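Understanding the architecture of this molecule
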Amino acid sequence: MVASAPRSARSRVRLTTEISDIAPETTTIRSLDWDRDRFDIEFSLENGTTYNSFLIKGEKVALVDTSHAKFRELYIDALNELIDPQDIDYLIISHTEPDHSGLVRDVLELNPDIIVVGAKVAIQFLENLVHQPFKSKVVKSGDRLELGNGHELEFVSAPNLHWPDTIFTYDHKTQTLFTCDAFGMHFCDDHTYDEDLDILEAEFRLYYDCLMAPNARSVLGAIKRIKELPEITTIATGHGPLLRYNIEELVGRYQDWSQTQAKATTTVGLFYVAGHGYGDQLAQAITTGITKTGVAVEIMDLRVAEPQEVRELVELSSAIVLGMPPQSGEVAENAAAAIGTILAAVNSKQNFGLFEVGGGNDEAVYPIRNRIREIGLVEKFEPIKIADEPTEAIYQLCEESGTDLGQWLTRDRTVKQMKALDTELDKALGRISGGLYIITAKKGDISSAMLASWVAQASSEPLGVSIAVAKDRAIESFLHIGDHFVLNALEEGKYQALMKHFLKRFAPGADRFADVTTYPATNGSPILAESLAYLECEVVSRMECPDHWIVYSIVTTGRVAKADALTAVHHRKVGNHY
Ligand code: FEO
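Residues numbered from 1 in each chain as written. Predicted model: local features only at pLDDT ≥ 70, side-chain atom pairs only at ≥ 80, totals over all residues. Heavy atoms only, no water.

1. Considering the pairing of strand 23 (residues 463–470)
Formally: Note on classification: 1.4 Å probe, protein chains only; a residue is buried when its accessible area is under 20% of the maximum for its type, exposed when over 50%, partly exposed between these limits. Under the DSSP-based scheme used, a helix requires at least four consecutive residues in state H or I and a strand at least two consecutive residues in state E, with every element numbered from the N terminus. Paired strands, as defined in this entry, are two strands with at least two bridges between them according to DSSP.
Of all the eight residues making up strand 23, seven are buried; the element is thus mostly covered by neighbouring parts of the structure. Between the antiparallel neighbours strand 22 (residues 455–460) and strand 23 lie two residues.

2. Thoughts on empty space enclosed by the protein
Formally: Definitions used throughout: a 1 Å grid over protein atoms alone; a cavity as a set of points that fits a 1.4 Å probe which cannot get out; a pocket as an open set with protein on both sides within 12 Å along at least five of seven lines; a lining residue as one with an atom within 4 Å of a point. Grid points are joined across faces, edges and corners, and a volume is the space filled by probe spheres set on the points.
Throughout the structure, instances matching the rule amount to three cavities of 30 Å³ or more. Space inside the largest cavity adds up to approximately 60 Å³. Around the largest cavity, the lining residues are Asn-160, His-162, Trp-163, Pro-164, Asn-215, Tyr-272, Ala-274, Ile-299, Met-300 and Asp-301. Top element by residues in the lining of the largest cavity is strand 15 (residues 296–301). It accounts for three residues.

3. Re the packing of aromatic side chains
Put simply, the rule is: Planes of paired rings set the category: under 30 degrees apart is stacked, over 60 is edge-to-face and the rest tilted, where pairs are Phe, Tyr or Trp rings (Trp by its six-membered ring) whose centres lie within 6.5 Å. Counting as a charge over the ring demands two things of the Lys NZ or Arg CZ atom: a distance within 6 Å of the ring centre and an angle within 35 degrees of the ring normal.
In the structure shown here, the tally under the stated rule is 10 aromatic pairs. Look at Tyr-51 and Phe-71: their rings are 5.8 Å apart centre to centre, the planes differ by 70 degrees, and that puts the pair in the edge-to-face class. With Tyr-51 in strand 4 (residues 49–57) and Phe-71 in the loop between strand 5 (61–64) and helix 2 (72–82), this residue pair connects regions lying 20 residues apart in the sequence. The two residues Tyr-51 and Phe-71 agree in class, both being buried. Plain terms: the ring middles of Tyr-193 and Tyr-245 are 6.5 Å apart, the flat faces sit at 85 degrees to each other, and that makes the pair edge-to-face. With Tyr-193 in the loop between strand 12 (176–180) and helix 6 (197–212) and Tyr-245 in the loop between strand 13 (234–237) and helix 8 (247–263), the pair connects residues that are 52 residues apart, well separated along the chain. One aromatic cluster in this structure is built from Phe-183, Phe-204, Tyr-208, Tyr-254 and Trp-257. One cation-aromatic arrangement involves Arg-411 over Trp-408; the distance from NZ or CZ to the ring centre is 3.7 Å.

4. Considerations on the sheet that holds strand 28 (residues 548–560)
Stated formally: Every angle, taken between N-to-C directions, lies between 0 and 180 degrees, and every axis is a line fitted to C-alpha atoms, over only the stretch in contact when it is a helix.
With respect to topology, seven strands assemble into an open sheet ordered 21-20-24-27-28-23-22, the strand pairing being antiparallel. The two strands at the open ends of the sheet, each matched to only one other strand, are strand 21 (446–452) and strand 22. Neighbour to neighbour, the strand axes of the sheet diverge by 30 degrees on average, direction disregarded. Examined bridge by bridge, strand 24 (residues 484–489) and strand 27 (residues 533–544) share six bridges and lie antiparallel to one another. In the strand pairing of strand 27, Phe-485 is matched with Cys-537.

5. So, the packing of helix 10 (residues 307–316) against helix 11 (residues 332–345)
Applied cut-off: Left-handed describes a crossing whose near helix is turned anticlockwise from the far helix by less than a right angle; the clockwise case is right-handed. Contacts are assigned to residue pairs that have any heavy atoms within 4.5 Å of one another. For this classification, the nonpolar set comprises Ala, Val, Leu, Ile, Met, Phe, Trp, Tyr, Cys and Pro, the charged set comprises Asp, Glu, Lys and Arg, and every other residue, Gly included, is treated as polar.
The contact between helix 10 and helix 11 brings their axes to 9 Å, and the two run at 35 degrees. By crossing handedness, the relation of helix 10 to helix 11 is classed as right-handed. The residues of helix 11 that touch helix 10, namely those facing Pro-307, Val-310, Arg-311 and Val-314, are Ala-338, Thr-341, Ile-342 and Ala-345. Here the contact of helix 10 with helix 11 is built from residues that sort into six nonpolar, one polar and one charged.

Following this line, the structure appears as structure tokens:
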């Protein structure tokens, strides 16, 4: 069954709900948020998202998670259609972030006798969110809750996926594991399940990279615990399709990616207060930038950070990134104590970067910056200032600041790799030559560009090109499936000025097109006025190589400026360098 938002709401965003039975006495209410809405959630949402809630009717009734507040009317209507709220006994909170808990207060208003079930820290967080007394039951790994009629729920602790409050719930009768954020994806369509992995896998990977990779060790811990459960036939995620057809494959991918992350030899410790200001989204953008360079990030939430955990993370980190906590309120005391522990544990060989979160009553960034500098740490990006709601340009600044920091931390490894190839092989590989191109891309209000020479035609029907892009390039974020860009070919004998300009090291967030003449392509990306030819392209697939993405794109249109001129050729001496 599908319901739609009233016309007034739909004119802003398309919101619908879907109700489907997924197992005996188990129904999902999926809140379908069809349109991109970055500011509600952690990262760019090209394909919308869903917020999935579940109702289990044994002799007792349990509701697992609710929905985002923007679905208030639709969700409550759907819930009323399924059950009289007076008959709900338990509300299981997998995770208190507002996209799942935004309607907890509304549900409790309908039935104040509901017992809220969650991890200890989830119940604490919820007290701050709901601002009214409620009945609660704290659970931990291995605890069970009998609903009757065979539905025995077992809880699995999954801290940091993606806040410290997360629990999974396993129903022994239906072999369904409710995981909230874990194993989810931001993908909205009419399919309740993961039938077609081909169309989902890029979103599944992006979601993992943004949300789960910073907590890879916690992911491995959670996978170990769920492997101790009996068979799982459905993973009921909180975002996107539920997993039924590819469970082994997708859990395996989480395990492989997390093992790779956990092996990274360089780690950045990122500390901030989750749920405060725009901290989640900004931390996510910085983390994305850092992890692109192969550096691991471990995130710690200052609301609940224990001194010993803080010390351990600081000691294993090559750099500290800190989001400003609030000066007052519930979490200020714990956050201030944690910052005291950070300052006591850091050493002068470490690097750091600071960011504001736009929470309204945050600690001032400059006094903390001065204290860290006095200890001797080196600042690797300028404090990121947030005056208003962050723009796309701020997110780009965050991501590129993270990448700059990661590149700095891995500079020795990069030099070593460049020297590592056998000399003869290296020279032979250098005889592979390519043309010289500038890739230009625009997404919303932000743009990027890169000099490229690992470019080749890859198909003739349809016309397609492949481009190898290093994983730590800023423009990599503009080359995901469905993205558009322009491939500008440079002209032999006339390429030096453009090449010099685009080879420059740009500061995070800098405008790559300052002082360069461009005009817009039909796909919105800049065409360089000085280019010999241009092709408008759309990314249709990506293949992952150890340090590059091979981006395959179809070419939609193109033009040549000078019929008899030739493309500049890039001859190299060695193969381990561009
Ligand atoms: Fe989907 Fe972390 O909330």
